[in-house]
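Descriptive structure summary
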Amino acid sequence: MDEGWLDMAMRSPLMNTDRAREELGWKPTRTGLEALEELIDGMSRGNGADSGPMRAKTKDPASQANLPLPGADHSLDEDAVSSDLLGQYLRDHLSGAAAGLDRITAMAEGYQDTPVYAQLAAVAESIAGERAWLEGLIERQGFTRPTIMEQAASAAEKLARLKPFGTGVTDRSPSEMVLEVELMMGAITAKMHAWLVVADYCEELGVKRDVADELLETAEAQRETLAGVHEYARRRAYRPDANAFPK
């Protein structure tokens, strides 16, 4: 076992439960050893909860993709829509979503020692779910031909991974957070246009209109969340006496 985990576990706060026992009739359902074992297991797996301090480091993207897809018997009407053009358009946006997901995930991991980590992580999880849904939609339509944009985005993702985030307080520029958030907000605005296209062709795609509306609302919420992160970053980035990366 890592000694750091053991040290953190041993520092877990002790609580006096006398009042809970006397006034509420509370009784423990686990022994102290069982609670300690559960704590260490959760830390080792990276588990968490929905609050900022307890947020898990990773989540299964499929668990975030709760929107329904077209039925298995759905088929695109070739007389009503150009499958080649629409398929290429959606796949290009899927490639863009992959690149954006890589960036926002890297930002969340790089800035997890800042007060805005929870917001960045929440946006990353939300985008992961949308990307999983869009990938499923493309598969249901039979849009499988790769595009030039897809190949270019793949190369861009590899280059993006070469730029580390948060390697140390002295290695980070407060301005970097400002610029990265602005790029992500621009990407989300572009994504909203893709959801407008889905809304316009929802009948042909076999997508319910309220699903398209929910995608648009989610994107707007993501943009508002990042606007809050941008406010935090820009008010600290260019003031010598402000600490953008408090411990």
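Keep in mind the model is a prediction, meaning the values are calculated, not measured.

Tallied over the full model, the rule gives seven salt bridges. Residue Glu 23 is joined to Arg 19 by a salt bridge in which the shortest nitrogen-to-oxygen separation is 3.2 Å. You can see Glu 23 and its partner Arg 19 sitting in helix 2 (residues 18-24), four residues apart, about one turn around the helix. Look at Glu 23 and you get exposed, because its relative accessible area is 56%. Taking the relative accessible area as the measure of exposure, Arg 19 reaches 61% and is therefore exposed. For the salt bridge of Arg 131 with Glu 135, the shortest nitrogen-to-oxygen distance reads 3.6 Å. In this pair, Arg 131 and Glu 135 both sit in helix 6 (residues 117-141), four residues apart, roughly one turn of the helix. A residue is classified by how much of its surface remains accessible, and Arg 131, at 23% relative accessible area, is partly exposed. The exposure class assigned to Glu 135 is partly exposed, which follows from its relative accessible area of 32%.

Averaged over all residues, the pLDDT of the protein chain is 78; the fraction at 70 or higher stands at 68%. For the protein chain, helix 4 (residues 61-64) is the element with the lowest average pLDDT, namely 45, and helix 10 (residues 209-237) is the one with the highest, namely 94. Contacts from residues 60-64, a stretch scored under 50 in pLDDT, to residues over four places away or in other chains number six contacts. Between residues 158-162, whose pLDDT stays under 50, and residues either more than four places distant or in other chains, the model counts two contacts.

About the cut-offs
- Residues numbered from 1 in each chain as written.
- Predicted model: local features only at pLDDT ≥ 70, side-chain atom pairs only at ≥ 80, totals over all residues.
- Heavy atoms only, no water.
- Salt bridge = Lys/Arg side-chain N within 4 Å of Asp/Glu carboxyl O.
- Helix = DSSP H or I, 4+ residues; strand = E, 2+ residues; numbered from the N terminus.
- Buried < 20%, exposed > 50% of the residue type's maximum accessible area, 1.4 Å probe, protein only.
- pLDDT = per-residue confidence, 0-100.
- Contact = heavy atoms within 4.5 Å.

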